[in-house]
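# A structural walkthrough
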Amino acid sequence: MRARMTSSVDYMMVAVAMLVLGAGIPACIITLTSLGVSDLPPQKVAGGAGLQNFLRIMSMAIGASVTQPYCEHMTKYSRAELVAAIDPTAPVFRSR
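Residues numbered from 1 in each chain as written. Predicted model: local features only at pLDDT ≥ 70, side-chain atom pairs only at ≥ 80, totals over all residues. Heavy atoms only, no water.

## Some details on the overall build of the protein chain
Counted only if it meets this: Helix and strand definitions here come from DSSP, where helices need a minimum of 4 consecutive H or I residues and strands a minimum of 2 consecutive E residues; each element is numbered from the N-terminal end. To get the radius of gyration, use the C-alpha atoms; to get the globule rule, take the number of residues to the power 0.38 and multiply by 2.2 Å. The buried label goes to any residue with under 20% of its type's maximum accessible area, the exposed label to any with over 50%, and the partly exposed label to all in between, with areas taken from a 1.4 Å probe on protein chains only. In this description, accessible areas are obtained by the Shrake-Rupley approach with a 1.4 Å probe, and a residue is regarded as covered only by the protein chains that are shown. We treat Lys and Arg as the positive residues and Asp and Glu as the negative residues; His and chain ends play no part in the count. The atom standing in for a charge is NZ when the residue is Lys, CZ when it is Arg, CG when it is Asp and CD when it is Glu.
Summing up its helical and strand segments, the protein chain has two helices and zero strands in all. For 96 residues, the compact-globule estimate of 2.2 N^0.38 gives 12 Å, and the C-alpha radius of gyration of the protein chain, at 23 Å, exceeds that figure by more than 25%. Residues counted as buried form 3% of the 96 residues belonging to the protein chain. When the accessible surface of the protein chain is summed, it comes to about 8,300 Å², and 69% of that surface belongs to carbon and sulfur atoms. Computed over 8 positive and 5 negative side-chain charges, the separation of the two mean positions in the protein chain equals 4 Å.

## Remarks on the environment of Val20
Positionally, Val20 belongs in helix H1 (residues 11-37). Owing to a relative accessible area of 44%, Val20 belongs among the partly exposed residues under this scheme. Placed 27 residues apart in sequence, Val20 and Gly47 show a C-alpha to C-alpha distance of 31 Å.

## Here we look at a nonpolar patch on the surface
The condition is simple: A residue counts toward a patch only above 30% relative accessible area and without a salt bridge, and it is joined to like-charged neighbours within 9 Å or, for Val, Leu, Ile, Met, Phe, Trp and Tyr, to nonpolar neighbours within 5 Å. By definition, a salt bridge exists where a carboxyl oxygen of Asp or Glu is found within 4 Å of a side-chain nitrogen of Lys or Arg.
A contiguous nonpolar patch, built from Leu51, Phe54, Leu55, Met58, Ile62 and Val66 and spanning about 570 Å² of accessible area, is present on the exposed surface. A residue is classified by how much of its surface remains accessible, and Phe54, at 46% relative accessible area, is partly exposed.

Quick look at the structure:
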């Protein structure tokens, strides 16, 4: 849903995308936690849920710390590619 957004996106389109995301993530987390602890004996369910929660939070932190530098790198790369594609002899760049 976010991939189809442009600079002229309205509030409702953003709100609907966030609503779907807000409903989908908890549904996935609850389901994965239930599946992860379903085979554990009752005395180990709390520990298993805690371990899964720790791994989920750690994975999100690693993903966030890797994504930000990647986005910065790709921004610089894309900007360099665009600058290299500029033709200085084009009529737009000639002084009047």
